[in-house]
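The residues making up each chain are set out below.
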Amino acid sequence: KGVGSAIYRALEAHAVVKGVMEMHTEASRISRPFFEKHGYLLVEIEHVVRFDVEFERFRMTKKIRENYALGPKLASFTPAAGAPVAPDTGAAQL
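Per chain, the residues get numbers from 1 upward, laid out in the order the sequence is written. Only residues with pLDDT of 70 or above have their local features reported here, since the model is predicted, and side-chain atom pairs are shown and tallied only from 80 upward, although totals for entire chains, interfaces and linings are computed over all residues. As a convention, hydrogens and water are excluded, and side-chain values are obtained from all of the structure's heavy atoms.

Caption draft 1: Representation of the side chain of T25 within the structure. Here a helix means four or more residues in a row that DSSP labels H or I, a strand means two or more in a row labelled E, and each is numbered from the N terminus. Summarising the element assignment, T25 is placed in strand β1 (residues 22-27). For T25, the contacting residues outside a window of four places in its chain are F35, Y40, F58, R59 and M60. Throughout, a residue-residue contact means that at least one pair of heavy atoms, one from each residue, lies within 4.5 Å.

As structure tokens, then:
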């Protein structure tokens, strides 16, 4: 329990270190609450067809750079135990 959130936090911290300003996803109905919990906002509801099956997906975005003033939050990021760490950044490699 909580593994997905731990992986997501490592991914976001890595993105911040790399200078990413905004993250995007196309979430399913099942994954939408996960992304909302992590601060993503709905941009658009789409209906797409794959192999003659229509399904609904949710385009979502999150501005991450303004959430990190590149100060204490980033400096206090610690990768999960056992996560490989990039020696130049201290960020978990994904």
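Caption draft 2: Examining the sheet that holds strand β2 (residues 41-50) more closely. The pairing criterion is simple: DSSP has to find at least two bridges between the two strands. Strands sit in the order β1-β3-β2 across an open sheet of three strands; the sheet is antiparallel. The sheet terminates laterally at β1 and β2, the two strands that pair on one side only. The mean inter-strand angle of the sheet, taken between neighbouring strand axes irrespective of direction, is 20 degrees. Summarising the sheet, β1 and strand β3 (residues 53-63) pair through six bridges and their orientation is antiparallel. For H24, the partnering residue across the bridge sits in β3 and is T61. Along the sheet face, helix α1 (residues 3-17) touches β1 and β3 and points at about 145 degrees away from the line of β1. An axis is simply a line fitted to the C-alpha atoms; with a helix, the fit covers only the stretch in contact. Between two such axes, the angle follows the N-to-C directions and lies from 0 to 180 degrees.

Caption draft 3: Layout of the pairing of β3. Across nine bridges, the pairing between β2 and β3 is antiparallel. Across the sheet, residue V48 finds its bridge partner in β3, namely F55. Linkage of β2 to β3, two consecutive antiparallel strands, is achieved through a turn of two residues, within which F51 is found at a positive phi near 55 degrees.

Caption draft 4: The environment of E44, seen in detail. Structurally, E44 is set in strand β2. When the C-alpha positions of E44 and M60 are compared, they lie 7.1 Å apart, and in sequence the two are 16 residues distant. When sequence neighbours within four positions are dropped, the list of residues in contact with E44 reads R57, F58 and R59.

Caption draft 5: Examining unusual backbone geometry more closely. Of note in this structure, F51 is not a glycine but carries a positive phi near 55 degrees. To sort residues, take the accessible area from a 1.4 Å probe on protein chains only and compare it with the maximum for the residue type: under 20% means buried, over 50% means exposed, and anything in between is partly exposed. A relative accessible area of 82% means that F51 is categorised as exposed. Not every positive phi belongs to a glycine, and D52 is a case in point at roughly 65 degrees. Among the secondary structure elements, D52 is positioned in the loop between β2 and β3.

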